[in-house]
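Letter by letter, the chains look like this.
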Amino acid sequence: MHLLVCGGTGCRSAESDAIVDSLNKAIADRGLENDAKVVMTGCFGFCEKGPIVKVLPDNTFYTQVTPADAEEIVAEHIYKGRRVNRLLYINPESQEHVEDSKHMGFYRKQIRIALRNCGFIDPENIEEYIARDGYSALGKVLTEMTPEEAIQSIIKSGLRGRGGGGFPTGLKWDITRKVAAEKKYVVCNADEGDPGAFMDRSILEGDPHSVIEAMAINGYCTGASYGLVYIRAEYPLAINRLKTAIGQAREYGLLGNGILGTDFSFDIELRYGAGAFVCGEETALIHSMEGMRGEPTFKPPFPSESGYLGYPTNVNNVETYANIPVIITKGPEWFASIGTEKSKGTKVFALAGKINNVGLIEVPMGTTLREVIYEIGGGIKDGKNFKAVQTGGPSGGCLTTKHLDTPIDYDNLLAAGSMMGSGGMIVMDEDDCMVSIAKFYLEFTVEESCGKCTPCRVGNKRLHEILEKITRGEGTMKDLEKLRNLGQVIKDTALCGLGQTSPNPVLSNLDNFWDEFVEHVTEKKCRAGQCKHLLRYVIEPDACVGCTACARNCPVNAITGERKKAHEINQEICIKCGACVEKCKFNAIFVR
Amino acid sequence: MAIVKLPENKLNQLIEVCKSFNNEPGELINVLHKAQEIFGYLPAEVQEVVAKELNTSVAHVYGVVSFYSFFTMTPKGEHPISICMGTACYVRGAEKVLDEFKHHLKIQVGETTADGKFSLACLRCVGACGLAPVVMVGEKVYGRVAPDGVKAILEEYSA
C-alpha cells in the first residue's frame, strides 16, 4: 500500500511534513515497513481541504489530516483494512462520505494532462517519473524523429502558450529553429507573478522532470544546447525540487553530453527572479537574466530571433512545457481531440476567492464557467450570490452571470473583455465592490509598472487616482468618461504586454458593472458596503436607550446626546471606524 | 544615510561570492541574492563593493537593486511579517488583517519596529490560496488569519 501525502506549499504550510513523520513512526511501530510506504507527492489540487492523504491502491481520499490522525490511519486502514470515515470527504449535497476520489465532484470533470503526475509521484525521485513514461518522449524524439517532424507534431496538436498570450507553441519553435546562429537558448518562464495563480509553482514542485524533459526536446528541435529556467526567488521549494531533478537527470544521462547515446547535448541552469511582475514579459525576462533591470523592449526583434545575449531564444512558460512530453508520446491527434476548435487541450486554473473548493484544477478548453464554479468549485461560499469571476489577473477582467455558460477558451475570454492569462480564477460574491476590485488591480499595476513608457507609468497612476476619488465619494460622471478614454489610450500606446493590458480590469468592470460605478458617483452609495467613505453609521432613535457607551468610545467624539435619551452621530466628524457598533448592546446603530 | 561599517569577514565572503561568479557583470542579480543572504540587506556600502568587484558602475547596481522588490536597502526585523495581498487573500479580507498589524506594531508597510523585532511587508501570492488570508512570519505560514487573531500571532514572538 502507498500513502501519498501532499507536499505542495499549501499543505506543507499546514504541517504535512509532520504528517509524513507521524505516519512513518506509526508504520514502524507496527513493523509494517514492508507493507506500506509513505510518499510525499506534489499538489493534489484540492487545497481547500488540505492537508490531503491519499491511500493507494484503493484511492481513499483523506482530507484535513493532522499529525495526530496518523496513528489512527495506520492502525485502522493499513493494519485492519478499515477506512477512517471521519476523515473522508463529505459530499456537500448528499452529506455522505465519499470513499474514492474519482467520485468527488471536484475531480469528476477534470482531465489532467499538465498536472498528470502532480499528486501521484514523488517529485524528488526520477524513477517514479520514468515509471510513468517519463523521458520516453525525449527518447522517441531523439531516436525516431527529425527536429522538423517533432515540431510538426507540436504544430498539429494545436498547443498554444499557456502563459497568457496564447501564441501557437509549435510555430514559435519553428521560428527559432529556422534562425541560423552559432548558439541558441531554451528558456522556461517560471516567473509566475499573477496574484492568485500558482499552477506553475505546483507543476515545478510536483513534477519538475516534465519541464526538464520538454526543455530538452525543445533544445533538440530548435538546435539549442543550453536551457535556462527563470524562476522566482520566492519559490524556495520549487527551486530545491528543480535542482534535485536536474541533478538526477544528469546522473541518468538525460542531461549533459551525448544524451541517450546520441550526439545531442543539452544542459539546464537556474536564474532567479527578484520580484518584478513585468519580468513575466519575455523581453523583460531576458534582460533580467542578463543581470539588468527587467525592462521590456520593443518587439520585433522577437526573442526567437534575438534573445538572451543576442542569440535566438525560445521562451515558453512552465505549463506549456509540461504538455509537451504527452503530446509526443500520445500523438498530436489525441491532444487535438480535446478542447475547442481553436484552443486545444486543457488549461490549469487556480480557483480561489469566495468559492467552496479552493484549489488547482485542470479542465478541457471549452468547459463553461458554470461547470467550473458550481460543479468543480462546489458553488459560492456561505450560500451567497455569485457576482463575478476574475480571470487573467491584472491583465484580465471580470466576467459576470451572463458569461456563466460561455465555454472557456482563449478567444471567448478575449471577446468577453477578459483574457486567459496564466490561469488565475478569482470568484467574487455580492459583498465585493467592483470599483474597489478595479482599484485593487490598478494598485498592483502602478506598483509593478517598470516606468519605462509614459502611458503605463503615468496613465495608470491617473487611473488609480480617479478610482480612489470615486471610492471616496468624490467622483463625477465626467470621471467615468475619463476612465474609459484614458484606459483606451493606455491600451493603444503602452510599450509592452503589461502596459497594454493594464487598464483591462477597469474597462471590463465599467462595461459589466456600469450601474455600480454610477451608484458610487451619483448616489454616493457602495452596494457591497466595501467603500468605507461611502458608509453612514446611523443611530436608530427608537432603539437607543441613551446608555452613552457609544459616545464614550467614539475616538473622534462624533456622537452627542443626553443621558437616557437617543444619541446622534455627526456625519461630518465620523471616521467610520465602527467602534460604536461594537460597543452598542442594544443593536441601535446601523450601517447604511 | 548613516555610514555602515561592513564587518571584515562578511566583506571577504562577498568578494569570494563575486569571484565564484567570475566577476561577470551579467551575474549581478545572482551576486545580489547572495549578498542579501550574507548581510540581510543591501546598504549602499555593499552595493559599492559589488560594483567595484564586477567592474560596473554603482549607478547600475543601484538601478537593479531599486528595481526589484526582493532586494531591500533597509534591514528587516528579527521576525519579518509578510501579509499576502494576492487577489484571493484580498477578497477574503487581507486588508483588514494588514490594518490590524499596522495598528498593533505602530509601523507602516516597509518599516521595522524601533526595537528591531518586527518588520512589515506585503507580498503577492504565496500560492496557499486555500488558506486565505495568509500571513508569513519568517518562514512560518499562518492560514485563515482573522483580524482578531493578529494579537495572538504577535504574542508568539514577543516572549
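Residues numbered from 1 in each chain as written. Chains lettered and ligands numbered in written order. Predicted model: local features only at pLDDT ≥ 70, side-chain atom pairs only at ≥ 80, totals over all residues. Heavy atoms only, no water.

1. What to know about the pairing of strand 14 (residues 397-400) of chain A
Residue and element names in this part refer to chain A.
And step 1. As paired strands, strand 13 (residues 386-391) and strand 14 are joined by 4 bridges and run antiparallel to one another. Bridge assignment links Val389 to a residue of strand 14, and that residue is Leu399.
And step 2. Between strand 13 and strand 14, which pair antiparallel in sequence order, lie 5 residues; one of them, Gly392, sits at a positive phi of approximately 85°. (Pairing = 2+ DSSP bridges. Helix = DSSP H or I, 4+ residues; strand = E, 2+ residues; numbered from the N terminus.)

2. Focus: the packing of aromatic side chains
And step 1. Inspection of every chain in the model, using the stated rule, returns 19 aromatic pairs over all chains.
And step 2. Consider the rings of Phe67(B) and Tyr68(B), whose centres lie 4.9 Å apart with planes at 75°: the pair is edge-to-face.
And step 3. Three or more aromatic residues joined by ring pairs form one cluster here, namely Phe44(A), Phe46(A), Phe61(A), Tyr89(A), Phe106(A) and Tyr107(A).
And step 4. The ring of Phe120(A) carries Arg132(A) above its face, with NZ or CZ at 4.8 Å from the centroid.
And step 5. The ring of Tyr235(A) has Arg201(A) lying over it, and the distance from NZ or CZ to the ring centre is 5.5 Å. (Phe/Tyr/Trp six-rings, centres within 6.5 Å; stacked < 30°, edge-to-face > 60°. Lys NZ or Arg CZ within 6 Å of the ring centre and 35° of its normal.)

3. Things to note about the state of the cysteines
All names here are of chain A.
And step 1. By the definition in use, this model includes 0 disulfides over all chains.
And step 2. Of all cysteine sulfurs, the one in Cys47 lies closest to Cys43, which takes part in no disulfide; the gap is 4.3 Å.
And step 3. Judged by its relative accessible area of 9%, Cys43 is buried.
And step 4. Cys584 takes part in no disulfide bond, and the closest cysteine sulfur to it belongs to Cys547, at a distance of 6.3 Å.
And step 5. Judged by relative accessible area, Cys584 falls into the buried class, the value being 16%. (Disulfide = S-S within 2.5 Å. Buried < 20%, exposed > 50% of the residue type's maximum accessible area, 1.4 Å probe, protein only.)

4. Details of the environment of Thr340(A)
Residues and elements named next belong to chain A.
And step 1. Along the polypeptide, Thr340 turns up in the loop between helix 14 (332-336) and strand 11 (346-353).
And step 2. For Thr340, a relative accessible area of 17% gives the class buried.
And step 3. Placed 27 residues apart in sequence, Thr340 and Thr313 show a C-alpha to C-alpha distance of 30 Å.
And step 4. Each residue touching Thr340, except ones within four places of it in the same chain, is listed here: Met365, Gly366 and Asp409. (Contact = heavy atoms within 4.5 Å.)

5. Considering the interface of chain B and chain A
And step 1. Each partner contributes residues to the interface: chain B has 32 residues there, and chain A has 49 residues.
And step 2. Summed over both sides, the interface between chain B and chain A buries roughly 3100 Å², with carbon and sulfur atoms accounting for 57% of that surface.
And step 3. Among the residues chain B hides against chain A, the three largest losses belong to Phe67(B), Thr87(B) and Arg124(B). Together they make up 22% of the total.
And step 4. Counting the contacts that link chain B with chain A gives 2 salt bridges.
And step 5. Note that Glu27(B) and Arg271(A) form a salt bridge whose closest N and O atoms lie 3.9 Å from each other.
And step 6. Taken together, chain B and chain A are joined by 14 residue pairs in polar contact (both at pLDDT 80 or more).
And step 7. Every element with two or more residues in the side of chain B that touches chain A is listed here: helix 2 (28-39), helix 4 (58-67) and helix 5 (87-91) of chain B.
And step 8. When residues in the side of chain B that touches chain A are grouped by element, the largest group, 5 residues, is from helix 4 of chain B.
And step 9. Broken down by class, the residue content of the side of chain B that touches chain A amounts to 17 nonpolar, 11 polar and 4 charged. (Buried area = accessible area lost by both parts, 1.4 Å probe. Salt bridge = Lys/Arg side-chain N within 4 Å of Asp/Glu carboxyl O. Polar contact = N/O pair within 3.5 Å; in protein donor to acceptor, adjacent residues only side chain to side chain. Nonpolar A, V, L, I, M, F, W, Y, C, P; charged D, E, K, R; others polar.)

6. Some remarks on helix 4 of chain B
And step 1. Taken residue by residue, helix 4 of chain B has Val61(B), Gly63(B), Val64(B), Val65(B) and Phe67(B) as its buried positions.
And step 2. At its buried positions, helix 4 of chain B is contacted by helix 2 and helix 3 (44-53) of chain B.

7. Describing helix 1 (residues 8-20) of chain B
And step 1. Here helix 1 of chain B spans 18 Å end to end across 13 residues, near enough to the 18 Å set by a 1.5 Å rise per residue.
And step 2. Elements that come into contact with the buried residues of helix 1 of chain B comprise helix 2 and helix 3 of chain B. (Expected span 1.5 Å × (residues − 1).)

8. Focus on the sheet that holds strand 7 (residues 185-190) of chain A
Residue and element names in this part refer to chain A.
And step 1. One open sheet holds the 4 strands; their spatial order is 9-8-7-10, and the pairing between them is parallel. Unpaired on one side and paired on the other, strand 9 (267-273) and strand 10 (313-317) mark the two borders of the sheet. Here the average twist between neighbouring strands, direction ignored, is 20°.
And step 2. As judged from the 7 bridges shared by strand 8 (residues 226-232) and strand 9, these two strands associate in the parallel manner. (Axes fitted to C-alpha atoms, helices over the stretch in contact; angles between N-to-C directions.)

9. Structural notes on the domain arrangement of chain A
And step 1. Assigned domains of chain A: these are domain 1 (2-107), domain 2 (126-335), domain 3 (346-429), domain 4 (434-523) and domain 5 (535-591).
And step 2. Summarising the inter-unit geometry, the C-alpha centres of domain 1 of chain A and domain 5 of chain A are found 51 Å apart. (Domains from an automatic or database assignment.)

10. A short note on the nonpolar core
And step 1. Grouped together as the largest cluster of nonpolar side chains are 117 residues, with contacts concentrated most on Ile212(A), Met215(A), Ile217(A), Val229(A), Ile231(A), Phe266(A) and Ile373(A).
And step 2. At 8 residues, the largest contribution of residues to this core is made by helix 10 (residues 208-222) of chain A.
And step 3. Ile217(A) has contacts with Ala137(A), Leu138(A), Val141(A), Trp173(A), Ile324(A) and Ile328(A), leaving out every residue within four places of it along the chain.
And step 4. Of all hydrophobic cores here, the second largest spans 43 residues; its members include Leu228(A), Ala274(A), Cys450(A) and Val49(B). (Core = buried A, V, L, I, M, F, W, Y, C linked by side-chain atoms within 4.5 Å.)

11. Looking at the sheet that holds strand 3 (residues 135-137) of chain B
All names here are of chain B.
And step 1. Strand order in this open sheet of 4 strands is 2-1-3-4, and the pairing throughout is mixed. Bordering the open sheet on either side are strand 2 (118-123) and strand 4 (140-142), each of which pairs with just one other strand. For this sheet the average axis-to-axis angle between neighbouring strands, irrespective of direction, equals 20°.
And step 2. Direction of pairing for strand 3 relative to strand 4: antiparallel, over a ladder of 3 bridges.

12. Observations concerning the domain arrangement of chain B
For interface size, the figure often reported is the accessible area lost on association.
And step 1. Here the domain parsing of chain B yields domain 1 (8-67) and domain 2 (79-158).
And step 2. Relative to domain 2 of chain B, the C-alpha centre of domain 1 of chain B lies at a distance of 30 Å.

13. Some details on the side chain of Ser422(A)
Residues and elements named next belong to chain A.
And step 1. The topology assignment puts Ser422 in the loop between helix 16 (410-415) and strand 15 (424-429).
And step 2. Polar contacts involving the side chain of Ser422 include one to the side chain of Asp194, which spans 2.8 Å.
And step 3. Setting aside its immediate chain neighbours within four residues, Ser422 contacts Arg162, Gly163, Gly164, Asp194, Ala197, Met199, Glu319, Lys347 and Val348.

14. So, the environment of Arg132(A)
Residues and elements named next belong to chain A.
And step 1. Counting through the fold element by element, Arg132 comes out in the loop between helix 5 (126-131) and helix 6 (136-144).
And step 2. Judged by its relative accessible area of 39%, Arg132 is partly exposed.
And step 3. Taking C-alpha positions, Arg132 is 27 Å from Val98, a pair spaced 34 residues apart along the chain.
And step 4. Excluding its chain neighbours within four sequence positions, the residues that come into contact with Arg132 are Arg116, Asn117, Phe120 and Ile121.

15. A few points about unusual backbone geometry
And step 1. The linkage connecting Pro300(A) with the following residue, Pro301(A), adopts the cis geometry, with an omega of 5°.
And step 2. Along the chain, Pro301(A) falls in the loop between helix 12 (282-289) and strand 10.
And step 3. The omega torsion of the bond from Ala132(B) to Pro133(B) falls at -10°, within 30 degrees of zero and hence cis.
And step 4. Note on placement: Pro133(B) falls in the loop between strand 2 and strand 3.
And step 5. Notably, Glu15(A) is not glycine yet its phi reads approximately 70°, a positive angle.
And step 6. Relative to the elements of secondary structure, Glu15(A) occurs in the loop between helix 1 (9-13) and helix 2 (16-29).
And step 7. With a relative accessible area of 48%, Glu15(A) lands in the partly exposed category.

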